[in-house]
Amino acid sequence: MYESVFHDPERFAPFTARQCEPLLYVHEEAFELVTGTEWDRLTRYDYESCSNADGWPELRG
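Note that this is a predicted model, so its numbers are computed, not measured.

Thresholds applied
Residues numbered from 1 in each chain as written. Predicted model: local features only at pLDDT ≥ 70, side-chain atom pairs only at ≥ 80, totals over all residues. Heavy atoms only, no water. Phe/Tyr/Trp six-rings, centres within 6.5 Å; stacked < 30°, edge-to-face > 60°. Buried < 20%, exposed > 50% of the residue type's maximum accessible area, 1.4 Å probe, protein only. Lys NZ or Arg CZ within 6 Å of the ring centre and 35° of its normal. Patch = residues over 30% accessible without salt bridge, like charges linked within 9 Å, V, L, I, M, F, W, Y side chains within 5 Å. Areas by Shrake-Rupley, 256 points an atom, 1.4 Å probe, with all protein chains shown as cover. Salt bridge = Lys/Arg side-chain N within 4 Å of Asp/Glu carboxyl O. Lys, Arg positive; Asp, Glu negative; His and termini not counted. Charge placed at Lys NZ, Arg CZ, Asp CG, Glu CD. Helix = DSSP H or I, 4+ residues; strand = E, 2+ residues; numbered from the N terminus. pLDDT = per-residue confidence, 0-100. Contact = heavy atoms within 4.5 Å.

Novice: Please explain the packing of aromatic side chains as it appears in this structure.
Specialist: For any two aromatic rings, the description comes down to two numbers: the centre-to-centre distance and the angle of the planes. Scanning the entire structure with this criterion turns up 1 aromatic pair. Note on phenylalanine 31 and tryptophan 39: the rings are 5.2 Å apart at their centroids and 85 degrees apart in plane angle, and the pair reads as edge-to-face. In this structure tryptophan 39 comes out as partly exposed when scored by relative accessible area, which is 25%. The residue whose ring lies beneath arginine 41 is tryptophan 39, and the NZ or CZ to ring-centre distance is 5.2 Å.

Novice: What is the right way to read a negative patch on the surface from this model?
Specialist: A cluster of acidic side chains, namely Glu29, Glu32, Glu38 and Asp40, defines a negative patch on the protein surface. Along the polypeptide, glutamate 29 turns up in helix 3 (residues 26-35).

Novice: Hey, could you run me through the confidence of the model for the chain in this one?
Specialist: Low pLDDT marks stretches whose predicted atomic positions should not be read closely. On average, the chain scores 79 in pLDDT, and the residues at 70 or more come to 89%. At the low end of the mean pLDDT range in the chain sits helix 2 (residues 13-16), at 74; at the high end sits helix 3, at 91.

Novice: I'm lost on the environment of phenylalanine 31 in this one. Help?
Specialist: For phenylalanine 31, the location among the structural elements is in helix 3. Take phenylalanine 31: its relative accessible area is 24%, and that puts it in the partly exposed class. Look past the residues within four positions of phenylalanine 31 in its chain and what remains in contact with it is Gly36, Thr37, Glu38, Trp39 and Arg41.

Following this line, the structure appears as structure tokens:
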């Protein structure tokens, strides 16, 4: 499924109807599977909904 959406993005549509938060952890799970160690890195960017004021101009006061 992962590779198929590159060729046909509409195949990803069924997954967007659900909450997509689990996608935020895919890299951590993949890292742990490959290395056998826990992902121990922090991002310098906040990925919480609406935390990017430039990306959500309608929410500015």
